[in-house]
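Here is what each chain is made of, one letter per residue.
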Amino acid sequence: MSAPSATAFWVIGPGQGELRDEPLEAPGVDEVRVRSRYSAISRGTESLVFHGRVPPSQYAAMRAPFQAGEFPAPVKYGYISVGDVVEGPGAGQMVFCLHPHQSDYVVPTQAVVPVPAGVPAERAVLAANMETAINAVWDSAAGPGDRIAVIGAGVVGLLAAWLLRRIPGTEVSVIDPNPAREDICAALGLALLAPEQAASLQDLDLVVHASGNPAGLRQALSLAGVEARVVEMSWYGDAGVDLPLGEGFHARRLTLRSSQVGRIPPERSSRWDYRRRLALALALLDDPALDGLITGEDAFANLPAVMQRVTGPEADRTLCHRIRY
């Protein structure tokens, strides 16, 4: 009998990927074997990885939990996987794991989190992005009644806006130049403004920036009120960013706060761990309106070409792109 194997997606050079067959070890004590149902492309970070734009200074910080290989390439990268435990504790259970795109894999039992009964596998792929949005809300220190703008109507920005809107009394506007985002904003109960329409939102209590475009961050600083906080969710890879810190930044005593899912905010870290946060993210996905964040699906066999397409010509039209196994 031949040894079990799996098929995985590898980045082999800037803008190039391939599927590779690799051996699969039998699960040991406190390990499970998972057979994938779906993965998804995290278009922001994975685009930078796929195009070789992770700066050397961030190679260690940007490692994914089950990454294989090293930046820039060849590297097996990703952190969105929904599948079924087929061997080991909890066999038969549907789970989420922060694993790269791969047909089957073996991981420690604690690395998988059960998907709640009310969350379909097709929607559970949003869990990693929801985790990022949760961290941003924690970092924002938002409170009831705050006037808030979220700049950037990608998946993470929309999820953050959706969470912030649920705080009692908040007024949340989403700013994005793409009019095609209007339908999903409406489905999530959010108002969409073009950047040129946002001048009326002066003196905001909080601005969250998630567009990945330095122009969006500059606008975020211009909209923040005195003593307000600007939360920066975008990561620019190896690109530099120029900011107007010589204008009203000091006079208005603004706080520019980075938010990154790799760390739990220190005021929560004594009580929260990554597993608890991921379980919360999955539980929050029980709203069918969130299905609108998934804008396409392709078979795993086509992933090398799909990754080129989704991180290139279709980037402006794509939110979450799901991969079917």
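For the structure given in this document, a descriptive report is provided here. In this text the structure is predicted, and so the values were computed from the model without any measurement.

Description of the overall build of the chain
And then number 1: Along the backbone of the chain there are 8 helices and 17 strands.
And then number 2: Expected size for 325 residues packed as a compact globule is a radius of gyration near 20 Å; at 20 Å, the chain falls within 12% of this value.
And then number 3: For the chain, the spread of C-alpha atoms along the principal axes amounts to about 70 × 40 × 40 Å.
And then number 4: Burial status across the chain gives 52% buried among its 325 residues.
And then number 5: Expressed as a percentage of contacts within the chain between residues at least 6 apart in sequence, the contacts between residues at least 24 apart total 69%.
And then number 6: Put simply, the chain shows about 14200 Å² of open surface, and 50% of that area lies on carbon and sulfur atoms.

Concerning the nonpolar core
And then number 1: Counting 74 residues, the largest nonpolar core has F96, M130, L158, L164, L282, L290 and L293 as the members making the most contacts within it.
And then number 2: The greatest single-element share of this core, amounting to 9 residues, is contributed by helix α4 (residues 155–165).
And then number 3: Apart from residues no more than four positions distant in its own chain, L290 is found in contact with R123, L126, M130, L159, W162, L188, L284 and L285.
And then number 4: Counting residues in hydrophobic clusters, the runner-up holds 18 residues, among them L193, L201, L217 and A220.

Describing helix α1 (residues 43–50)
And then number 1: When you tally the buried positions in α1, you get 6 out of 8 residues, the bulk of the element.
And then number 2: Close packing links the buried residues of α1 with β1 (5–13), β2 (16–23), β3 (31–41), β5 (75–76) and α8 (303–310).
And then number 3: Phi turns positive, to about 70°, at G52, one or two residues after α1.

Considerations on the sheet that holds strand β10 (residues 147–151)
And then number 1: Taken together, the 6 strands give an open sheet; going across it, the order is β12-β11-β10-β13-β14-β15, and neighbouring strands pair in parallel fashion. On the outer flanks of this sheet lie β12 (191–193) and β15 (255–258), each paired with one strand and no other. Averaged over all pairs of adjacent strands, the angle between their axes in this sheet comes to 25°, without regard to strand direction.
And then number 2: As judged from the 4 bridges shared by β10 and strand β13 (residues 204–209), these two strands associate in the parallel manner. Looking at β13, one finds that I151 is bridged to H209.
And then number 3: Across the sheet, helix α3 (residues 127–140) lies against β13, β14 (224–232) and β15, angled at about 155° from β14, the strand it touches most.
And then number 4: Helix α6 (residues 214–223) contacts β10, β11 (171–175), β13, β14 and β15 of the sheet and is inclined by roughly 155° relative to β14.

Structural notes on the layout of surface pockets
And then number 1: Its volume calculated, the second largest pocket comes out at about 170 Å³.
And then number 2: Surrounding the second largest pocket, V137, W138, A141, A142, L163, R166, I167 and R268 form its lining.
And then number 3: Looking at the lining of the second largest pocket residue by residue, the class counts come to 6 nonpolar, no polar and 2 charged.

A word on the pattern of salt bridges
And then number 1: According to the stated counting rule, one finds 14 salt bridges in the structure shown.
And then number 2: For E297, the salt bridge is made with R322, and the minimal N-O distance between the two is 2.7 Å. Taken together, the residues E297 in strand β16 (residues 294–299) and R322 in strand β17 (residues 320–324) connect sequence positions 25 residues apart.
And then number 3: Several salt bridges converge on common partners, so that one network encompasses R33, R35 and D104.

Focus on the environment of A220
And then number 1: Position of A220 relative to the elements: it lies in helix α6.
And then number 2: Overall, the relative accessible area of 0% leaves A220 in the buried class.
And then number 3: Taking C-alpha positions, A220 is 49 Å from E25, a pair spaced 195 residues apart along the chain.
And then number 4: Sequence-distant contacts of A220, defined by excluding residues within four places in its chain, comprise I151, V207, H209 and V230.

Considerations on α4
And then number 1: By the criterion of burial, α4 is predominantly enclosed, with 10 of the 11 residues buried.
And then number 2: When α4 is considered as a whole, its buried residues turn out to be V155, V156, G157, L158, L159, A160, A161, W162, L163 and L164.
And then number 3: Packing partners of the buried residues in α4 comprise α3, β10, β11, α5 (182–187), β13 and β17.

Focus on empty space enclosed by the protein
And then number 1: A full pass over the atoms with the stated rule returns 1 cavity of 30 Å³ or more.
And then number 2: Approximately 30 Å³ is the volume attributed to the largest cavity.
And then number 3: Together, F9, V11, E46, V49, Y77 and M307 line the largest cavity.
And then number 4: The set of elements that each furnish at least two residues to the lining of the largest cavity consists of β1 and α1.

Digging into the packing of α3 against helix α7 (residues 274–283)
And then number 1: Axis separation between α3 and α7 bottoms out at 8 Å; the angle between their running directions is 110°. Here α3 is positioned roughly perpendicular relative to α7, judged by the angle of their axes. Two secondary-structure elements touch here, α3 through A127, M130, E131, I134, N135 and W138 and α7 through Y274, R277, L278, L280, A281 and L282.
And then number 2: Across the contact of α3 with α7, the residue classes break down as 9 nonpolar, 1 polar and 2 charged.

The rules behind these values
- Residues numbered from 1 in each chain as written.
- Predicted model: local features only at pLDDT ≥ 70, side-chain atom pairs only at ≥ 80, totals over all residues.
- Heavy atoms only, no water.
- Helix = DSSP H or I, 4+ residues; strand = E, 2+ residues; numbered from the N terminus.
- Rg over C-alpha atoms; globule rule 2.2 N^0.38 Å.
- Buried < 20%, exposed > 50% of the residue type's maximum accessible area, 1.4 Å probe, protein only.
- Contact = heavy atoms within 4.5 Å.
- Areas by Shrake-Rupley, 256 points an atom, 1.4 Å probe, with all protein chains shown as cover.
- Core = buried A, V, L, I, M, F, W, Y, C linked by side-chain atoms within 4.5 Å.
- Pairing = 2+ DSSP bridges.
- Axes fitted to C-alpha atoms, helices over the stretch in contact; angles between N-to-C directions.
- 1 Å grid on protein atoms, 1.4 Å probe; cavity = no way out; pocket = protein on both sides within 12 Å on 5 of 7 lines; lining within 4 Å.
- Points joined across faces, edges and corners; volume = space filled by probe spheres on them.
- Nonpolar A, V, L, I, M, F, W, Y, C, P; charged D, E, K, R; others polar.
- Salt bridge = Lys/Arg side-chain N within 4 Å of Asp/Glu carboxyl O.
- Parallel < 35°, antiparallel > 145°, perpendicular 65-115°, else oblique.

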